[in-house]
Amino acid sequence: MTCASCASRIEKKLNRLDGVTATVNYATEKARVSYGGDVTAADLIATVEKTGYTARLPEPPAAAAPEEPGGDGLRTRLLVSTLLTVPVVAMAMVPALQVEYWQWLSLTLAAPVVVWGGLPFHRAAWTNLRHGAATMDTLVSLGTGAAFAWSLYALVLGTAGEPGMTHPFELTIARTDGSATIYLEAAAGVTTFLLAGRYAEARSKRRAGAALRALLELGAKDVAVLRGGVEHRVPVDRLAVGDLFVVRPGEKIAADGEVTEGASAVDAALLTGESAPVEVGPGDAVVGATVNVGGRLVVRATRIGAETQLAQMARLVEEAQHGKAAVQRLADRVSGVFVPVVLALAAATLGFWIGTGAGLPAAFTAAVAVLIIACPCALGLATPTALMVGTGRGAQLGILIKGPEVLESTRAVDTVVLDKTGTVTTGRMTLHDVVPAPGVDADAVLRLAGALERASEHPVARAVAAAAAERTGPLPAVADFANVAGLGVRGVVEGAAVVVGRAALLQQGSVPVPAGLTRALTAAEAEGRTAVLVAADGTALGVLTVADAVKETSAAAVARLRGLGLHPILLTGDNAAVARSVAAEVGIDEVVAEVLPRDKVDVVRRLQAEGRVVAMVGDGVNDAAALAQADLGLAMGTGTDVAIQASDLTLVRGDLRAAADAIRLARRTLAIIRGNLFWAFAYNVAAIPLAAAGLLNPMIAGAAMALSSVFVVTNSLRLRRFAPL
């Protein structure tokens, strides 16, 4: 397929079959088809082939290694065409280079460019012609073909092939004998410019398979299976349902399962969006690809391979990408109208000159000149140059734009859905507050707790230890450290028996907790924060509250998004109390909390069904499908590869203010592309009357093309001045 109209054509043909419902996505180059009755997969492929395209059944995600778009074939075509075109253009524009047989040398160099280099355009034009459609490919094939065919006629049957023929450097408007005029530089130049545009677009086109590969790579590669009480490390694909496997601290859990032995904390933030680690013990369910951050676990596998939550999320991402409408290229929409008009003008010109008795050669000269001048090489530069400058400026500001279809989506966005963990918040547990018991120094409480927690790998412990080292200086050593699974830690610090953990741990040691500390503990938990008690030598000293801290820039970012006319919504898998607290802090009114990854996609779909155009900002694996489903997906560069691959824009810095800048830059780039397309046509359209009147000098044709190209490039360079607010 060469454009979105190809996708819609295939979709219509497939949907005409009995019992078939099909959607075809140009961006992912895949069709999703539901069918039944007598229809087979072979019938579907045959229908696509009858429509003029090719198709095959997809390979399983694990086996498929899709070729990167814009691969070696297009690159080779572009390089060879460029090397051959440069001398052709130079000889045509500089009379000093027009040696005795320069025109024949031009033909030798230009022929492979027009025929072989332009083959993708000719092939697409032929397919479109068979279906009565016209796109930019039709215009290119028609224009370059006419220029080359006329040059061949002038060289072989006209006077252009005579030794010593020159194209003088003059911009005079006068009737010329077409038999002495060649347009090889126009044919070769346009082909090469457009190949460069196609290559740039292919490179930036969304790589749909990459998100799925990144998801599949997230899982564990091998696993320690328990057989007869002995651990055997085997590849994860050899794990069977019912097998017992061991997960050590720091390792990924290999498959969905149930804990049979041990207790630990599991960091599931990437998959579920919960900021705090989840305590698990015997009988608790765990999910593959989450990380064990505490003790040793023995897990019984309940779902493996394609049945795991991770594999289901890969399917969600693929489904979301299929459902996303591909935007038809602006140039194709304009060409759909422009091509029939040009053909009508060329036919009218031919008819007019024959009718006035000017003779067939003069009539053909004028008609072909109309086709040649109507093929603007600037059209091929309009999108890629603006994209190149826009993406380059974006990269300097920490914003990566994936492709032209992304820009089309930014125009109408009116709602922005923000993930909480890692997007609005830091995604790391940080100390929020220290509430000491009456008469106790807060720093002393923090110092004792920090010394003890430094020996633990738990995320809450790391937050306490980091804050203690920062606020109180070097921490004392710990003796007799012990981890009480699921409850907390104990040890000896500077001769005192210190305990840090849940209220149940202090109850085990019969340590009384004052009413003030109990109130502080309850209040912190009501707000969704994690709270732990600190006691030394049988006396409760204070409460430490830990939470996922809101980024300093998030409130300003939300205000900027509102300034762009966007309605912000906070969407998270975390609990409602935490979500409401964060939303209030950054100025968001609408909150959707405690949602699973599948529910996130449903929330985006619901908003789209209400007629809203949705942008989604996220950073985790649990956001990937929603990012792909949204009209515009923005991934935090500090997030996972899966989220980045599934998104349209990547915010490298992980600063939410960049989301507002990204939308502003994308809108500005789109405006420049539209201006480029207008002027790319305008320069050449202005010269059409000259061509129709038979007054088109080859130098004027070349100058019109050069001027439009220079204007397009200069206009695009204005994007370099884009500045963030």
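Because the structure is predicted, anything quoted here is derived from the model rather than measured. (Residues numbered from 1 in each chain as written. Predicted model: local features only at pLDDT ≥ 70, side-chain atom pairs only at ≥ 80, totals over all residues. Heavy atoms only, no water.)

Visitor: When you look at the UniProt feature "transmembrane region" (unreviewed entry) in the protein chain in this model, what are you seeing that I'm missing?
Guide: Here the UniProt-annotated "transmembrane region" (unreviewed entry) positions come out as residues 78-95, 101-119, 139-160, 180-197, 334-354, 360-383, 677-693 and 699-717. Within residues 101-119, the helical portion is 89% and the strand portion 0%, while the C-alpha atoms at the span's ends are 27 Å from each other. Taken end to end, residues 139-160 comprises 82% helix and 0% strand; its first and last C-alpha atoms sit 26 Å apart. (UniProt positions renumbered as here; feature names shortened; annotations may be inferred. Helix = DSSP H or I, 4+ residues; strand = E, 2+ residues; numbered from the N terminus.)

Visitor: What is the right way to look at the side chain of Ser 554 in this model?
Guide: Looking at the element boundaries, Ser 554 is found in helix 20 (residues 554-563). Apart from the residues lying within four places of it in its own chain, the contact partners of Ser 554 are Thr 423, Val 424, Val 586 and Leu 656. (Contact = heavy atoms within 4.5 Å.)

Visitor: Hey, could you run me through the packing of aromatic side chains in this one?
Guide: Aromatic ring pairs are defined here through the distance separating the ring centres and the angle between the ring planes. Summed over all chains, the structure comprises four aromatic pairs. Ring plane angle 45° and centroid distance 4.8 Å describe the contact between Trp 150 and Tyr 153, whose orientation is recorded as tilted. Taken as a pair, Trp 150 and Tyr 153 lie in helix 6 (residues 136-156) at a separation of three residues, close to a single helical turn. The buried category is assigned to Trp 150, whose relative accessible area is 8%. Ring plane angle 80° and centroid distance 5.1 Å describe the contact between Phe 678 and Trp 679, whose orientation is recorded as edge-to-face. Look at Trp 679 and you get partly exposed, because its relative accessible area is 37%. Every member of this aromatic cluster is reached through a ring pair, and the members are Phe 678, Trp 679 and Phe 711. Directly above the aromatic system of Trp 116 lies the positively charged group of Arg 77, at a separation of 5.0 Å from the ring centroid. (Phe/Tyr/Trp six-rings, centres within 6.5 Å; stacked < 30°, edge-to-face > 60°. Buried < 20%, exposed > 50% of the residue type's maximum accessible area, 1.4 Å probe, protein only. Lys NZ or Arg CZ within 6 Å of the ring centre and 35° of its normal.)

Visitor: Where do I start with helix 20 in this structure?
Guide: Each α-helix winds once per 3.6 residues, and so residues spaced three or four apart point in a common direction. Within helix 20, the full set of buried residues consists of Ser 554, Ala 557, Val 558 and Leu 561. For helix 20, the angular spread of buried residues about the axis comes to 100°, placing them on one side. More than 90 degrees from the buried face of helix 20, the exposed residues found are Ala 559 and Gly 563. At the C-terminal side of helix 20, Gly 565 shows a positive phi close to 85°. (Arc of directions from axis to C-beta.)

Visitor: Could you clarify how one ought to interpret the sheet that holds strand 10 (residues 291-292) in this entry?
Guide: Sheets are built from strands that pair by backbone hydrogen bonding, the pairs being arranged parallel or antiparallel. Reading across the sheet, the three strands line up as 8-7-10 and stay open at both edges, with antiparallel pairing between neighbours. Each edge of the sheet is formed by a strand with only one pairing partner; in this case those strands are strand 8 (278-280) and strand 10. Pairing between strand 7 (residues 264-267) and strand 10: two bridges, direction antiparallel. Residue pairing across strands places Val 266 opposite Asn 292, the latter belonging to strand 10. (Pairing = 2+ DSSP bridges.)

Visitor: For this particular structure, what's the right way to read the packing of helix 4 (residues 102-117) against helix 6?
Guide: If you want to describe how two helices pack, look at the angle between their axes and the distance between the axes. The interhelical angle for the contact between helix 4 and helix 6, taken along N-to-C directions, is 150°, at an axis separation of 11 Å. Taken as axis vectors, helix 4 and helix 6 run roughly antiparallel relative to one another. Taken as a pair, helix 4 and helix 6 cross one another with a handedness that is left-handed. Here Gln 103, Trp 104, Leu 107, Ala 111 and Val 114 of helix 4 lie close against helix 6, whose contacting residues are Thr 144, Phe 148, Leu 152, Leu 155 and Val 156. Taken together, the residues that form the contact of helix 4 with helix 6 break down as eight nonpolar, two polar and no charged. (Axes fitted to C-alpha atoms, helices over the stretch in contact; angles between N-to-C directions. Parallel < 35°, antiparallel > 145°, perpendicular 65-115°, else oblique. Left-handed = near helix turned anticlockwise from the far one by under 90°. Nonpolar A, V, L, I, M, F, W, Y, C, P; charged D, E, K, R; others polar.)

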